[in-house]
Amino acid sequence: MPSSSSDKSVAPSKVCTLVLEDETELTGLSFGYEKSISGEVVFSTGMVGYTEALTDPSFEGQILCLTFPMVGNYGVPERGVLDEFGLDKNFESNRIHIAGLIVQDYSHHYCHWDADSSLQDWLKKQKIPAICGIDTRLITKKIRSKGVMLGCIQMKNEPQMSFMDPNTQNLVKQVSTTTVKTFGEGNLNILCVDCGIKHNIIRMLVLKGAKVTLVPHDYDIASNYSKFDGLFVSNGPGDPSMASATVQSLRKVLENVECGGEIKPIFGICLGNQLLSLAAGAKTVKLLFGNRGQNQPIKNLVTGRCYITPQNHGYAVDDKSLPKGWKTLFSNINDGTNEGIYHEKYPFFTAQFHPEAQSGPTDTEFYFDLFLSVCRNKAKGPIDFPKPKIAVKNGQNGISRSPVKKVLLLGSGGLSIGQAGEFDYSGSQAIKALKEEGVEVVLMNPNIASVQTNVDNKSTDKADQVFFLPVNPHYVEQVLKRERPDGVVISMGGQTALNCAVELYLEGTFEKYNAKVLGTPVESIMATEDRDVFKQKLAEIDEKVAPSEACNQLEDCVKAAERIGYPVMIRAAYALGGLGSGICSNEEQLRKLCERALVLAPQVLVEKSLWGWKEVEYEVVRDEYDNCITVCNMENFDPLGVHTGDSIVVAPSQTLSNREYHMLRETAIKVVRHLGIIGECNIQYALDPSSLNYCIIEVNARLSRSSALASKATGYPLAFVAAKLALGISLPEIKNSVTKQTSAFFEPSLDYCVTKVPRWDLSKFNNVSTRIGSAMLSVGEVMSIGRTWEESIQKALRMVDPSSVEGFQPRKGKRTMEELKQELGQPTDLRIFSIAQALYDESMSVDEIHDVSKIDKWFLRRLENIAQFSKRLTKCNSSKNLKKDELLASKQLGFSDRQIASRLINEEDEMMIRETRVNLGIVPHVKQIDTLAAEYPAATNYLYMTYNGSESDVVANDGGIMVLGSGTYRIGSSVEFDWCGVSSVRALRQLGYRASMINYNPETVSTDYDECDQLYFEELSRERVMDICQQEGIAGVIVSVGGQIPQNLALPLKKGGVNILGTLPEMIDRAEDRHKFSALVDEIGLEQAAWEELSSMEAALEFATKVEFPVLIRPSYVLSGAAMNVAYDKDQLLFCLTQAAEVSKEHPVVVSKYISGAREVEMDAVAQNGIVVAAATHVHVENAGVHSGDATLVLPPGPEDLSSYSFHRVQQATQALAKALEVTGPFNIQFLVKGTKCMVIEMNLRASRSFPFVSKTMGVDFIKAATYVMMKKDVSSMNLPKLWETGRPMGYVGCKAPMFSFTRLKGADPILGVEMSSTGEVACFGATKQEAFLKALLSTGFKLPKKGILFSAQEKLLEPLTHVAYELGRLGFSLYATQGTYNFLKSAGVDGITLLHFPSSKATPNVLQYLRDRKVDLVVNLPTSESRMLVDNYTMRRTAVDLNIPLLTNLNLVKLFTEAMGQFKEKKLLGLLPESLFDYYEKEKPEEAWSDPKEFH
């Protein structure tokens, strides 16, 4: 069991002060020994390893500032425990060597299996003062710019300390042994000079076969040198020139060698490098701030190899002063300083870094082996440094890489659960990197809403050609055939691209067209995807996986589970987001899951369940020259058993010790090298919370969701770097894009904490369990940044759902103890709020919550901090009674103004809290993400806000314009709004404005710091937007391009004094408020369905009776039709009204007559001062009743879709509404068209999700136009499509089709309605509507039927269905039908149809059997509100989805599909047949071509 602090542990409370010699004074809290101390203040950027650092003798006399903000998390191991060599097992020496410690946040609660006490207890026992509550970033920046400085930790009521410089003393003398000691019994005798040696150096030498004789610093080395096999000079503290005795002794050794004396190998580390250099006659210099931390990149100038190293030194050897015969061996890649020397004639060499690590990476440990091998070989000549296995590109040996001129980049297609916007970001980054290298990029991706599929000239970072085509082997081959690229990039398109590429590789297609897969070889990808091969590969390097067996048959799975023992984890091969995976406790569960998994994948892995272990991830980057780094490590808040995409994730890890962190890092690099991955990959571990045991779960040999998160969390652009590596560029050649001066060969240090929280929309679906597990269910995620975890987690929870979540607090509707324990043990999407309830009402202790949930107690203690402080706030009457320190503490714990207001006894408005706070001078500080914890200045403004600081990194600039992003992806707001935000920012920058962006979605292009002048990774709330506007002096804010969240802020922000650009917020309110808008439509004389505002349940029933059921319930201020429902009777109406009132608490709910059988028409437009300047009219294939986000759209509409009369009425109504609402900016209107009626449904005074589709289809950017009009610029030269204009586009049709994720949503009924269900969209183009539609359908993953089609329809729809069934039978398909449908079709003369009995019937042949036997490969199920066989219909639909059989549930779609199949079978759809598609393009006459040759296809 992990050892942890008790409830009695209390936070520091005694005030003390940090005083620096530049007169800076910072007040903090004492948590160490209470005695004033003086020393030299230095910083270390290591994120783990505080126990090792504090006991490193090289820190003697220094006051150490740790840049990572939270320290003490894993406590301190037991003291006095010796290893087999008599060395302290857990520490680097027998005492703490620092003079004092500075941290930002001290964790008085700790938790770790290896912990024996708190850090505070240890410091007190060793009499070391420590201060917390200090802005450590401020200190780091100060030291960075002014150099290390003297300082003191001053205790209250003690005499003022004077500054003392420890470097004026011989610190080596203070830390060196005074007696000769011997360690080990190896056959190599090594003389080891102790200048402050770390225990792990001795341990390393002994373990590798040496007998170590440790001698004092002033030992007579020269007289004893020849008695040993080698000489080692250790690390140590201070100015090397002060260790004159050691230097003199070493000088004698070197002089004797030159005079013909005996030659024995010499190796010096850290101070040993400097001392040997001084002895040789070189000089040393004091560095401005030194190199201390675990991520210093160095290069071996002899071999060209690069390494990440731990370091701790303030002085360096002056390369220019090296005497003849001595050369620089290692150089620091960041600052160019010396990192080691070697002799050209003798076996002498040094390293300024620490190959023994502790703390830090062990990448250079082999230099001990090298030293001992030359000792063993009794070498007399120069050292032959081992050459790398792979030829290294080092800029001097002129290794050339094969030139790649043209690349095909495979995209991921439409967004779905498990494969979302992260691939838009990855692909966009890859295009940017490839274009920077002068490579022509051909992109294949049908996701029209993504930024990467742009074909405009707003950015140079766009693909040269974009093919909006299905990413499948047939179409990819045709693109290869036509474009003849040199290389193919397959790692940026998720599982879609990967699976497609594997298929093409196995078929020999890449070889056929001489196209090389760039980056990771396909064989390596297959080794990571095939569970059995992966297991074998890891066994080759003795790496651990959980006991498992790979199976291809159901019965094999059952037998494997029996051998392994339940519970078991099932994992599907070649699957994304844990699709087809889960934990099974018995055979029944196993059979059910494996049957489904084997439908989705060719193989499953049956694996021992390690439920309750920690899950940890590392992002790894490797180039083809074998330079390898880990960029980010992340820890899941939820233990193993919850898919990482559904877990709260924290970066960097908070509960791992140095041993654990670097053990897993070392393993990651070992595995990635063995697998031969080139580029970026992700490795996931299960780590035993009670020991050092771990298992490797999987490796993703491609960019993933975690990669996007890691990129944003660290500022390291993984996809950009991976694309460059795919071209053969080495890591050290690539620049760090944040600092612009250091290399991309480095491992980021974070001085903040990042939290990712998933967004689920499970409540939108009936019959779907809210339990989360190993198969991913979330539709999006948020990322928050803070300087404490409390600040970070509270921000993140609000970001997920700004309208209803205030932070970490219980939700409404208290759970019983039984329900609470159930949710903690079997997690749901609301588990975090159950933890809140348990901690707020103290119904369960931290230990009890941990026992049930297995969540690490450190996280639970931090959440407990929030709950306990909340109670303090509830005792306060009003904001005026809040003390300054209390209010500041609440902000530092992440409480929002609104949250604080709701806690007070006299509940107040958030603006009152704001006023009190600002008057007290409590405002957030702006901090930069700079990848190196402030060690180097950042050249980009990648920003966040925090109350855990004393100063801002950036000062208020010249204002400019701010664009509000769309927040997390969710059903209804996805990548299309990110496209809008990016387009708006690019347009602003084109116009010469300084453009800022606020967003917090790590998956997006808009949160790429290169896209805007300032990126704030922050909350989209009134409080935070006002904070930033006041900080920056923002001139105006654009709220109309980010979907519903910014739209909802328009009026509150205006009331707060923010200038909202474009349409007036009052007009936005008039359109969003259902009552106000319906009244406006009546007022200007436009048609709409009969309506009434809900005033009571009775009134609603009376209205429904009057207009006759069905009726539509419509809440205000919602996106994607949230809580919008059709009620067909009284009971349904009452249920729907309750739901709507909950969703739209502050705004009215309107009930209107539901119009069936009408066509839905949409208008996407831009207006300037009420005059429409751009308009696009498109129609839904489905009749009204299907949400516009789930509908199939066609542009332009043909006469069969929309008559000229109806078209005219739509244009008239559009102009009237734009004028009435004085629109300036983008807007969208939805109409119902039936007969001569043209009825207004709703109007959104913002961009809609179809804006990217209409922009790309019509060849003009509607958002660019909207941004121009909001900035009062002329758009007359933009060639915008006008109202009443037809024939745009000419000669081709665009079709947008929705992407659904029903396969993942177990139990969800895959039927469409007025509330949106789709998770993404695709669009394709064709010469006809049918061609565009069928291509779009294929792009969603729909497989065209080859065998049989099953029909089952409600009575009313049988007549039109007859025509469809007859035509599909004529095309050669076998036809099947359920009883009623069969009878009708048979009587109507449709021949060759087979009756299949309903699932509930025991009669045969049965629907379910035919589906399972794959005799049916398309299901057409058409229910209505009058359908009677509800369970049977649902079972048919759900079984089709579970078995991955295409399903159509809309009559209009079935009709269009039948038309398209008819043309396809008769080979009239040239663009659909892969073998004829490009031949068709080639034969086009220029005047007939419907796209530019360099545009999209």
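Right above here is the structure, for reference.
Throughout this document, residue positions are counted from 1 along each chain, in the order its sequence is written. Where local features are concerned, this predicted model is filtered to residues with pLDDT of at least 70; where side-chain atom pairs are given and counted, the filter is 80 or more; whole-chain, interface and lining totals use all residues. Working from all heavy atoms in the structure, the side-chain values ignore hydrogens and water.

*Asks:* Describe in detail the overall build of the protein, supporting the description with residues and values.
*Replies:* Numbering goes from the N terminus for both helices and strands, where a helix is a DSSP run of H or I of at least four residues and a strand is a run of E of at least two. Counting its secondary structure elements, the protein contains 45 helices and 61 strands. Every radius of gyration here is taken over C-alpha atoms, with the globule rule written as 2.2 Å times N^0.38, N being the number of residues. A compact globule built from 1497 residues should have a C-alpha radius of gyration of about 35 Å, and the protein, at 34 Å, falls within 12% of that. Dimensions of the protein, computed from C-alpha atoms along their principal axes, come out at roughly 110 × 75 × 65 Å. Think of it in three bands: with a 1.4 Å probe and only protein chains considered, a residue is buried below 20% of the maximum accessible area for its type, exposed above 50%, and partly exposed in between. Looking at the 1497 residues of the protein, the share that counts as buried comes to 68%. Accessible surface for the protein amounts to roughly 49700 Å². Of this, 49% is attributable to carbon and sulfur atoms. Positive charges come from Lys and Arg, negative ones from Asp and Glu, while His and the chain ends are left out of the count. Charge positions come from single atoms, namely NZ of Lys, CZ of Arg, CG of Asp or CD of Glu. For the protein, the separation between the mean place of its 158 positive charges and that of its 180 negative charges on side chains is 1 Å. Where accessible areas are quoted, they stem from the Shrake-Rupley method and a 1.4 Å probe; at the residue level, only the protein chains shown are allowed to cover.

*Asks:* Any details on the sheet that holds strand S31 (residues 582–584)? Residues and values, ideally.
*Replies:* When DSSP finds two or more bridges between a pair of strands, those strands are recorded as paired. An order of S29-S32-S30-S31 is seen for the four strands of this open sheet, with the pairing classed as antiparallel. A single partner strand is all that each edge strand has here, and the edge strands are strand S29 (548–551) and S31. Across the sheet, the mean angle from the axis of one strand to that of its neighbour is 25 degrees, orientation sign disregarded. The criterion used for residue contact is that any of the two residues' heavy atoms lie within 4.5 Å. As a rule, the C-alpha atoms of each element are fitted with a line to give its axis, helices using only the stretch in contact, and angles between N-to-C directions run from 0 to 180 degrees. Set on the sheet, helix H15 (residues 531–540) makes contact with S29, strand S30 (568–572) and strand S32 (604–608); between it and S29 the angle comes to about 145 degrees.

*Asks:* An account of helix H43 (residues 1430–1442) is needed here, citing residue identities and associated values.
*Replies:* Expected span of a helix, by definition, is 1.5 Å for each gap between consecutive residues, and there is one gap fewer than residues. Helix length check: H43, at 13 residues, gives a terminal C-alpha distance of 18 Å against a target of 18 Å (1.5 Å per residue), a fit within 8%. Those residues of H43 that sit buried are Asp1432, Asn1433, Met1436, Arg1437, Arg1438, Thr1439, Ala1440 and Val1441. Within two residues after H43, asparagine 1444 carries a phi angle of roughly 60 degrees, on the positive side.

*Asks:* If you had to explain the packing of aromatic side chains to someone new, which residues and values would you point to?
*Replies:* Each pair of aromatic rings is reported with the distance of its centres and the angle of its planes. Note on ring pairs: Phe, Tyr and Trp rings are taken, using the six-membered ring of Trp, and paired if centres are within 6.5 Å. Classes follow the plane angle, with under 30 degrees stacked, over 60 edge-to-face and the rest tilted. Applying the stated rule across the entire model yields 43 aromatic pairs. Their ring planes at 55 degrees and their centres at 6.2 Å tell us that phenylalanine 808 and tyrosine 840 sit as a pair that is tilted. Linking phenylalanine 808 in the loop between helix H21 (789–800) and helix H22 (817–825) with tyrosine 840 in helix H23 (residues 831–840), this pair joins segments that are 32 residues apart in sequence. Of the two residues, phenylalanine 808 and tyrosine 840, both sit in the buried class. Considering the side-chain rings of phenylalanine 1251 and phenylalanine 1262, the 5.9 Å spacing of their centres and the 90 degrees angle between planes classify their relative orientation as edge-to-face. With phenylalanine 1251 in helix H37 (residues 1251–1258) and phenylalanine 1262 in helix H38 (residues 1262–1270), this residue pair connects regions lying 11 residues apart in the sequence. For the pair shown, phenylalanine 1251 and phenylalanine 1262 are each scored as buried. Site record: aromatic cluster; members linked through ring pairs are Phe232, Phe267, Tyr307, Phe330, Tyr342, Phe349, Phe353, Phe366, Tyr367, Phe368, Phe371 and Phe385. One Lys or Arg, lysine 712, reaches over the ring of tyrosine 425 and ends 3.9 Å from the middle of that ring. Above the plane of the ring of phenylalanine 833 lies arginine 811, whose end atom (NZ or CZ) is 4.7 Å from the centre. In this analysis the charged atom, NZ for Lys or CZ for Arg, is taken to sit over a ring once it is within 6 Å of the ring centre and within 35 degrees of the ring normal.

*Asks:* Can you lay out the packing of H23 against helix H24 (residues 846–853) for me, pointing to particular residues and giving the numbers?
*Replies:* Between H23 and H24, the least distance of the axes is 10 Å, while the angle of their chain directions is 150 degrees. By the angle between their axes, H23 is roughly antiparallel relative to H24. Here H23 and H24 pass one another in a crossing that is right-handed. Of the residues in H24, those touching H23 at Arg831, Ile835, Ala838 and Leu839 are Val846, Ile849 and Ser853. Should an angle fall under 35 degrees it is called roughly parallel, over 145 degrees roughly antiparallel, and 65 to 115 degrees roughly perpendicular, with every other angle called oblique. Handedness of a helix crossing follows the sense of rotation of the near helix relative to the far helix, less than a right angle counterclockwise being left-handed and clockwise being right-handed.

*Asks:* How would you sum up the environment of asparagine 1048? Please name residues and give values.
*Replies:* Mapped onto the fold, asparagine 1048 is located in helix H31 (residues 1044–1055). Residue class for asparagine 1048 comes out partly exposed when judged on its relative accessible area of 28%. Counting along the chain gives 17 residues from asparagine 1048 to proline 1065, while the straight-line C-alpha distance between them is 9.3 Å. Polar contact is defined as a pair of N or O atoms within 3.5 Å, subject to the rule that within protein one atom must be able to donate a hydrogen and the other to accept it, and that residues adjacent in sequence are counted only when both atoms are side-chain atoms. A polar contact of 2.8 Å, which involves the side chain of asparagine 1048, links it to the side chain of glutamine 1044.

*Asks:* Kindly report on the sheet that holds strand S43 (residues 995–999), identifying the contributing residues and their values.
*Replies:* In a beta sheet, neighbouring strands pair by backbone hydrogen bonds and run either parallel or antiparallel. The sheet built from six strands is open, its strands ordered S40-S41-S44-S43-S42-S45 with mixed pairing. Where the open sheet ends on each side, the last strands, each with one partner, are strand S40 (925–928) and strand S45 (1036–1038). For this sheet, the mean angle separating the axes of adjacent strands, direction not counted, is 30 degrees. Here two bridges tie strand S41 (residues 942–946) to strand S44 (residues 1014–1017), and the two strands are oriented parallel to one another. Following the sheet pairing, tyrosine 942 is matched in S44 by leucine 1015.

*Asks:* Describe the side chain of lysine 756, listing the residues and the values that go with them.
*Replies:* Here lysine 756 lies in strand S38 (residues 753–759). For lysine 756, a relative accessible area of 2% gives the class buried. From its side chain, lysine 756 meets the backbone oxygen of glycine 645 in a polar contact 3.5 Å long. Among the polar contacts listed, one links the side chain of lysine 756 to the backbone oxygen of serine 647, at a separation of 3.1 Å. For lysine 756, the residues in contact, after removing those within four places along its chain, are Thr644, Gly645, Asp646, Ser647, Ile648, Val649, Leu709, Glu781, Val782 and Met783.

*Asks:* I'd like a description of the pairing of strand S24 (residues 406–410), backed by residues and values.
*Replies:* Of all five residues in S24, five are buried; the element is thus mostly enclosed. Here S24 shows a buried face lined by Lys406, Leu408 and Leu410 and a second buried face lined by Val407 and Leu409. Pairing analysis gives five bridges linking S24 to strand S25 (residues 440–444), with the strands arranged parallel. Bridge pairing in S25 places leucine 408 opposite valine 442. In this fold, the crossover linking S24 to S25 by way of helix H10 (residues 422–436) has right-handed handedness. Note: S24 against strand S27 (residues 487–489), three bridges, orientation parallel. Considered in S27, the bridge of leucine 408 is made with valine 488. A crossover counts as right-handed when, viewed with the strands pointing away from the observer, the path leading from the first strand over the helix to the second turns clockwise.

*Asks:* Explain the pairing of S32 residue by residue, including any values.
*Replies:* Regular strands place side chains that alternate from one sheet face to the opposite one. With four of five residues buried, S32 lies mostly within the body of the structure. For S29 and S32, the ladder comprises four bridges, and the chain directions are antiparallel. Across the sheet, cysteine 551 pairs through a bridge with valine 604, a residue of S32.

*Asks:* Tell me about the side chain of arginine 861, and name the residues and values.
*Replies:* Position of arginine 861 relative to the elements: it lies in helix H25 (residues 857–874). A polar atom in the side chain of arginine 861 sits 2.9 Å from the side chain of glutamate 864. Residues within four places of arginine 861 in sequence aside, it is in contact with Ser5, Ser6, Asp7, His109 and Val846.

*Asks:* Let's hear about H38: which residues, and what values?
*Replies:* Counting buried residues in H38 gives eight out of nine residues, a clear majority hidden from the surface. For H38, the full list of buried residues reads Phe1262, Ile1263, Ala1265, Ala1266, Thr1267, Tyr1268, Val1269 and Met1270. The elements touched by buried residues of H38 are helix H29 (975–990), S45, strand S50 (1159–1168), strand S51 (1171–1183), strand S53 (1225–1234) and H37. Where H38 begins, the capping side chain belongs to aspartate 1261, and its oxygen is found 2.8 Å from the backbone nitrogen of isoleucine 1263. Of the residues trailing H38, lysine 1272 is marked for its positive phi of about 60 degrees.

Note that every value here comes from positions in space, so none of it alone points to a role or purpose.
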